[in-house]
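One letter stands for each residue in the lines below.
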Protein chains: 2
Amino acid sequence: MDELEYQEGRTELGKLGKFALIDRLTEEFPIVNASTLRGVGDDCAVIGGKGLCTVVTTQQMVEHIHFDMTYTPLKHLGYKAVAIALSNIAAMNARPRQILVAVSVSNRFSVEALEELYAGIRFCCERYDVDLVGGDTSSSRTGMVITVTAIGEVEQDRITYRSGARLHDLICCSGDLGSAYSGLLVLEREKVTFQADPNFQPDLDSYDYVLERYLKPEPRFDIVDILRQRDIIPTSMIDVSDGLASELLHLCKESHCGCEVYEERIPIDYQTTRVCSEMSQNMIPTSNALNGGEDYELLFTISQADYEKVKDSTEIHIIGHITEEGSPAVMVTPQNTTINLVAQGWQGTTDDDND
Amino acid sequence: MDELEYQEGRTELGKLGKFALIDRLTEEFPIVNASTLRGVGDDCAVIGGKGLCTVVTTQQMVEHIHFDMTYTPLKHLGYKAVAIALSNIAAMNARPRQILVAVSVSNRFSVEALEELYAGIRFCCERYDVDLVGGDTSSSRTGMVITVTAIGEVEQDRITYRSGARLHDLICCSGDLGSAYSGLLVLEREKVTFQADPNFQPDLDSYDYVLERYLKPEPRFDIVDILRQRDIIPTSMIDVSDGLASELLHLCKESHCGCEVYEERIPIDYQTTRVCSEMSQNMIPTSNALNGGEDYELLFTISQADYEKVKDSTEIHIIGHITEEGSPAVMVTPQNTTINLVAQGWQGTTDDDND
């Protein structure tokens, strides 16, 4: 019996929801240092410097919650743990510089297994020119927990918060959405089949894209570079970790506005569409894009004046526009039906809030 | 059955030891950014700035490994998680500025329980003028894990690494040693008694000091301030998290030197001595100081030229001196016996290396 379960005036964690919980836990923390330009409440914290600002974020991955060792190679896990932390740096329009990694594992892992994990961490560091500058390792009696703290730099006038979207701004996203969740659906399906028949050999070749999207996501610094090259500073930005709907609601809340996105404009890969049709007649790809999460694409808004600078990009998709304060966040279907967006991101999945 | 347990060429984690493991895991990470002045291998990473440097460290506390909920109030736990991260900042001779906190917990914790945890975090932030600037929370199917990343600032010419101790330097430590471990011994004893007889009411009043030392350690920024006021820059510094012996060995290894400390100079509180005599005839207080850990005092070396500046301090104790390269790290007893120091810090306890 655990005494923590028998308290008077108890509020269940599930009742509050993650963001409300974070608000509740952090609302009384004042900012006292002049160098703290931005604390809790965005993708990264910002620490003042002259000209260049340091941005920093921390991201935890917990076994059984964020990953399943049955189908997650350790090297991929290490890579992904770093990639999703770096994605927060990209979401600030910054460049990554350093990471710190804290890992707790039980003795069921061997040194070689941890080396595999670190090989993946190193691979991601090399890919994005990031230095591993510290960390911590400790025992665990149970599952593995990996916490990555990432540090980046950006000129103060280029920092992009969630709060800057203005009326009539264009809503853009990179890459495609819903594919990571489709990859997870495939892996979960194969796991069930394998558990029923251990001789089963999964054939995953035709799902290579969605599997890679789930197992080895990439932070979109190429988009950060494109924006710089084209002389665009987004008015607001966030990365897509909990699904498009959740992220749009974040942008609208922080920017005090509404939004309208068009269903047919939401970029969806054909493998995502195929997985959906295989899984269930009722599963529509748009739903994966809105609610799936873990795509780690960038969702951002730009001034209409910048339209000409992005309209030819194959990697940046204009999916809608910002509406006035008090308007809801909605998706318009091809049949011109308007659907209110609600946040349905995975419970327990990695959230990339820095709050 | 877990396939991780059945690998060929497996090296057991326990065989390698934590520091060797960290060396092995991190040796292939190059430093590629000019701004990374110091990465893995000291108490904090150092990130270059003009004049002021940013120092950053991350520290993980894992339930059942670093803390036992039976006798650790959540408020104390939150305070301690921050305090031990800040202690690393102090060990660089820096001032703390920001923290990020990542917590994973299971549903057995209520919102109120987490609020207690965060109340302790906040209390420590307020005590040391630190801003909470970010973090992450996630579910856990099992125990609680708290990861605190701390960021500090220091002028580049005042940064104190582990590697600067020179021949004949004086070895100093703050406060007293072995008391935190003595507090833990008392708590463990009371737990066993309580488990045998649930009606047992522990009387802990006469152990207040050692209990507070274990449950609510304080980073020694007062020592950092004293050093500044007296115009002293230590030649090397580390905080005492794994016991005096382990930390002395770290300083000697990194500074390529030996050392000699005098048993009667090691500061030990009378409660530590009393707990030892209660526990066993064979338990000597010096052993708790050498091997107990979690005192979070500062251990540092100063040039002999600075002797006059510290000799009257009640908070700084000169316990020995640095010997030449190739000499062992030893303790000299009052009977003039020389004992080679060996690292026996707790297995699984919090280590405050930034590696």
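For the structure itself, look to the data block above.
Just so it is clear, the structure is predicted and the values come from calculations on it, not from any experiment.

Visitor: What should I look at first to understand the sheet that holds strand 9 (residues 258–262) of chain B in this one?
Guide: Hydrogen bonding along the main chain pairs the strands of a sheet, whether they run parallel or antiparallel. Residue and element names in this part refer to chain B. With mixed pairing, seven strands are arranged side by side in an open sheet as 8-10-7-11-9-12-13. Strand pairing shows two members of the sheet lacking a second neighbour, strand 8 (236–239) and strand 13 (338–340), which therefore form its edges. Across the sheet, the mean angle from the axis of one strand to that of its neighbour is 25°, orientation sign disregarded. Bridge count between strand 7 (residues 170–174) and strand 11 (residues 316–323): five bridges; the pairing is antiparallel. If you follow C173 over to strand 11, its bridge partner there is H317.

Visitor: Could you clarify how one ought to interpret the pattern of salt bridges in this entry?
Guide: Close approach of charged atoms allows side chains of opposite charge to pair. Residues and elements named next belong to chain A. Inspection of every chain in the model, using the stated rule, returns 34 salt bridges over all chains. A salt bridge links R213 to E297; the nearest nitrogen and oxygen atoms lie 2.7 Å apart. Of the two residues, R213 sits in helix 6 (residues 208–215) while E297 sits in the loop between helix 10 (285–291) and strand 10 (298–302), which places them 84 residues apart along the sequence. Assigned by exposure class, R213 and E297 land together as buried. In this structure, the salt-bridge partner of E297 is R220, at a minimum N-O distance of 2.7 Å. One end of the pair, E297, is in the loop between helix 10 and strand 10; the other, R220, is in the loop between helix 6 and helix 7 (221–229), with 77 residues separating them in the sequence. There is no split in this pair, since E297 and R220 are both buried. In this structure, a network of salt bridges that share partners links the residues R213, R220, D222, D295, E297 and E315.

Visitor: Explain the sheet that holds strand 7 (residues 170–174) of chain A to me, please; I cannot follow it from the model alone.
Guide: Residue and element names in this part refer to chain A. Across the sheet, which stays open at both edges, the seven strands sit in the order 8-10-7-11-9-12-13 with mixed pairing between neighbours. The sheet is open, and its two edges are formed by strand 8 (236–239) and strand 13 (338–340), each paired on a single side. Taking each pair of neighbouring strands and ignoring which way they run, the sheet shows an average axis angle of 25°. Pairing of strand 7 with strand 10, which is carried by four bridges, proceeds in the antiparallel orientation. The partner of C172 across the bridge, within strand 10, is F300.

Visitor: When you look at unusual backbone geometry in this model, what are you seeing that I'm missing?
Guide: The phi torsion of most residues other than glycine is negative, and most of the peptide bonds are trans. Residues and elements named next belong to chain B. One non-glycine residue, N93, lies in the positive phi region at around 70°. Following the sequence through the fold, N93 ends up in the loop between helix 3 (74–90) and strand 4 (95–105). On the basis of relative accessibility, which here comes to 1%, the residue N93 falls in the buried class. Even without glycine at this site, Y296 takes up a positive phi of about 55°.

Visitor: Please clarify how the side chain of R158 of chain B should be interpreted in this entry.
Guide: Residues and elements named next belong to chain B. Secondary-structure assignment places R158 in the loop between strand 6 (145–155) and strand 7. Although buried, R158 forms no salt bridge, and the nearest oppositely charged side chain, E155, lies 4.6 Å from it. When residues no more than four places from it in sequence are discounted, the contact partners of R158 are M92, N93, L227, R228, I232 and I233.

Visitor: Before we go on, may I ask you to explain the pairing of strand 9 of chain B in this structure?
Guide: Two faces make up the sheet, and in a regular strand the side chains alternate between them. All names here are of chain B. One ladder, built from four bridges, connects strand 9 with strand 11; its direction is antiparallel. Within strand 11, the residue paired with E260 across the bridge is H321. With four bridges connecting them, strand 9 and strand 12 (residues 329–332) associate as parallel partners. Counted as the bridge partner of E260 is V330 from strand 12.

Visitor: Please clarify how the packing of helix 6 of chain A against helix 9 (residues 270–279) of chain A should be interpreted in this entry.
Guide: For any two helices packed against each other, the geometry comes down to the angle between their axes and how far apart the axes lie. Residues and elements named next belong to chain A. Look at helix 6 against helix 9: their axes get within 8 Å of each other, and the N-to-C directions meet at 100°. Looking at the two axes, helix 6 sits roughly perpendicular to helix 9. For the pair formed by helix 6 and helix 9, the contact residues are D208, Y209 and V210 on the first element and Q271, T272 and V275 on the second. Taken together, the residues of the contact of helix 6 with helix 9 break down into three nonpolar, two polar and one charged.

Thresholds applied
Residues numbered from 1 in each chain as written. Chains lettered and ligands numbered in written order. Predicted model: local features only at pLDDT ≥ 70, side-chain atom pairs only at ≥ 80, totals over all residues. Heavy atoms only, no water. Pairing = 2+ DSSP bridges. Helix = DSSP H or I, 4+ residues; strand = E, 2+ residues; numbered from the N terminus. Axes fitted to C-alpha atoms, helices over the stretch in contact; angles between N-to-C directions. Salt bridge = Lys/Arg side-chain N within 4 Å of Asp/Glu carboxyl O. Buried < 20%, exposed > 50% of the residue type's maximum accessible area, 1.4 Å probe, protein only. Lys, Arg positive; Asp, Glu negative; His and termini not counted. Contact = heavy atoms within 4.5 Å. Parallel < 35°, antiparallel > 145°, perpendicular 65-115°, else oblique. Nonpolar A, V, L, I, M, F, W, Y, C, P; charged D, E, K, R; others polar.

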